[in-house]
Amino acid sequence: MCRVEETSGKCDYKKQWEMKIKIFGEGKVEKLKNSMVSRPRMKLWMIRALTTILLWTCFAQLMTLGEMFSPKLLKGWPCCFTQSGPELPLVAELSSIPPKFILPPKRLYKNNGYLMVSCNGGLNQMRAAICDMVAIARYLNVTLIVPELDKTSFWNDPSEFKDIFDVDHFITSLRDEVRILKELPPRVQQRVDQGMFLSMQPVSWSDISYYVHQILPLVQKHKVVQLNKTDTRLANNELPLEIQKLRCRVNFNALRFTSQIEELGRKVVKILREKGPFLVLHLRYEMDMLAFSGCTHGCNREEEDELTRMRYAYPWWKEKIINSEMKRKEGLCPLTPEETALVLNALGIDRNVQIYIAAGEIYGGERRMAPLAEAFPNLVRKETLLRSDLKFFQNHSSQMAALDYLVALESDIFVPTYDGNMAKVVEGHRRFLGFKKTILLDRKLLVKLIDQYHNGLLSWDEFSDTVKEVHSNRMGNPKKRVVTPDRPKEEDYFYSNPHECLQLLDESLRRKLDNVG
């Protein structure tokens, strides 16, 4: 044999091959040659394949991050994620074919158990709760079961989650954060059927440490925990930034309405846009609101008695004896239709503008709506615009509220007459869409000014000028939330101004936000 010298690096390869021929035989020499050539090629192809997979994985992750918070990239809602302006009429012409959506990679984690959620309240109260529950499930590393919606409240709406929201999009768009299932696995469901689970109400306005130290051990012990009351169960402030951003991601991206609801929303916007600009008035003057709040200003004695009986009929409405006038003077009552007409006039709203009434049945009917209709004759409602298209939504108040939500997002101006859940959540969503104009009425001051005007203490010009001046900085402008330690009910609601998630449109707005912070 030839010995290879380290210094010279030379070897008689002819003798080597002769030796190999003798050992392996003639037939195997060719295979040996081929293997010497193919192995480097195989390594090269493996490196190329692994590099391609890695690049595509990075690309998918970047696309996912881009879709989290940028309104320009959230193309799942072509109707709702458009800026106001001359482009709006084009919204209705967009194709109803769903856009291509790159699925984010699944997040792999050790499952600590299963979290079942039973929401309570109206649509937007439940919407905010769902966002909170997703964030909590993610932080606890548990599996979330698609939330159950409230069917026992005043509205008696039998709608399931899938009747209002695109459940498949909800699950897949969040799979890089948390595992969500439509139902419990069969073996786990058997435990629940046998009563082997824990049902409880979490503490309101809790920070994440409460869920880590109190709820997580219960999940690990019982395997399945059901949270049967979910409204305002997560604090507004002092939470990790990633939790706040995940709440936004769920609200603005994952909670997409069904295609049927979105199609009707586009149809309403198209009808309104064909006639020019429009204002959405969230006139929260329905029977349930008045009974719950005890606000009876402008009602006759028979109506007052009816509202009182209703309040006593619902045991979960804890406040029974209410001084209506005192509450009104504190700004805790929704404006009446008559007061609303006066305020819109004082703000200088064009008499001929279309006003879309985003509400259920107004208490008192045409009698109470007459002053508003006289002041603004172009009042419209979904019932008159869609007629037969709404037959599938009858007795489904949450689906009707979803339609109002979509139209409210697209309006040129949004005016809520009460700061309920819809008013707050829509306000925050319109901020996310570019700080679209939302007039936030100062009801306490307005009630005082209205009474002074009616009593002859203010002229119309004085009244109007004061109303305009007071609301000049209450138009949904960029600002930080007001934090009130130990009094979360009194501080700014996270979903009305999720400033951690808002992309300011230019540097001047960013400086403005920094100054007011």
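Under the annotation held in an unreviewed UniProt entry, the chain carries the name O-fucosyltransferase family protein and is attributed to Hibiscus sabdariffa. We quote the UniProt Pathway (unreviewed entry) comment for the chain here in full: "Glycan metabolism." Per its UniProt entry, the chain bears the Sequence similarities (unreviewed entry) comment "Belongs to the glycosyltransferase GT106 family."

A. Structural detail: the overall build of the chain. Across its full length, the chain holds 20 helices and nine strands. Within the span of the chain, comprising 517 residues, buried residues form 49% of the whole. In the form shown here, the chain has an accessible surface area of approximately 27,100 Å², with 54% of it arising from carbon and sulfur atoms.

B. A look at the pattern of salt bridges. Counted under the stated rule, the structure contains 29 salt bridges. Connected through salt bridges with shared partners, the residues R138, D176, E177 and R249 form a single ionic network.

C. Quick look at the state of the cysteines. Considering all chains together, one arrives at two disulfides under this definition. Disulfide pairing is shown between C248 and C501; the S-S distance is 2.0 Å. Handedness here is read from the sign of the S-S torsion; for C248 and C501, about 80 degrees, the answer is right-handed. Within this pair, whereas C248 is found in helix α8 (residues 241-254), its partner C501 is found in the loop between α19 (460-470) and α20 (507-516), the two being separated by 253 residues in sequence. Residue C501 is classed as buried on the basis of its relative accessible area of 4%. One disulfide in the model links C295 with C333; its S-S distance is 2.0 Å. Across the disulfide from C295 to C333, rotation about the S-S bond amounts to roughly -85 degrees, and the bridge is consequently left-handed. You can see C295 sitting in the loop between α10 (287-293) and α11 (301-313) and its partner C333 sitting in the loop between α12 (324-329) and α13 (337-346), a full 38 residues away along the chain. Comparing C295 with C333 shows no difference in burial state: the two are buried.

D. Quick peek at the sheet that holds strand β3 (residues 180-181). One open sheet accounts for five strands, arranged β3-β2-β1-β5-β4; its pairing is parallel. A single partner strand is all that each edge strand has here, and the edge strands are β3 and β4 (198-200). Both strand β1 (residues 114-117) and strand β2 (residues 143-145) contribute to a ladder of two bridges, which runs parallel. Its bridge partner being in β2, Y114 is matched across the sheet by T143.

E. Representation of the packing of α13 against α19 within the structure. Orientation of α13 relative to α19, taken along the N-to-C sense of each, is 80 degrees, at an axis distance of 8 Å. With respect to α19, the axis of α13 lies roughly perpendicular. The segment α13 lies against α19, with L342, V343, N345 and A346 engaging W460, F463, S464, V467 and K468. Classifying every residue of the contact of α13 with α19 gives six nonpolar, two polar and one charged.

Reading the values: rules and limits
Counting of residues starts from 1 at the beginning of each chain's written sequence and follows it residue by residue. With the structure being a predicted model, the display of local features is reserved for residues of pLDDT at least 70 and the display and counting of side-chain atom pairs for 80 or more, all residues being used for whole-chain, interface and lining totals. Side-chain metrics in this entry use all non-hydrogen atoms of the structure; hydrogen atoms and water are not considered. UniProt positions are given in the numbering used here, feature names are shortened, and annotations may be inferred rather than shown by experiment. Runs of E in the DSSP output that reach at least two residues are strands. Runs of H or I that reach at least four are helices, and both are numbered from the N terminus. Relative accessibility under 20% of the residue-type maximum defines a buried residue, over 50% an exposed one, and the middle range a partly exposed one, all with a 1.4 Å probe and only protein chains included. Shrake-Rupley sampling with a 1.4 Å probe provides the accessible areas, and residues are treated as covered by the protein chains on show and by no other component. The salt bridge criterion pairs a side-chain nitrogen of Lys or Arg with a carboxyl oxygen of Asp or Glu, the two atoms within 4 Å. We call a pair of cysteine sulfur atoms a disulfide when they lie within 2.5 Å. Pairs of strands are assigned from DSSP output, requiring at least two bridges between the strands. Here, axes are lines fitted to C-alpha atoms. For helices the fit covers the stretch in contact, and angles between N-to-C directions go from 0 to 180 degrees. Each angle gets one of four labels, with under 35 degrees taken as roughly parallel, over 145 as roughly antiparallel, 65 to 115 as roughly perpendicular, and the rest as oblique. Contacts: residue pairs with any heavy atoms within 4.5 Å of one another. Throughout this entry, Asp, Glu, Lys and Arg are counted as charged residues, while Ala, Val, Leu, Ile, Met, Phe, Trp, Tyr, Cys and Pro are counted as nonpolar. The remaining residues, Gly among them, count as polar.

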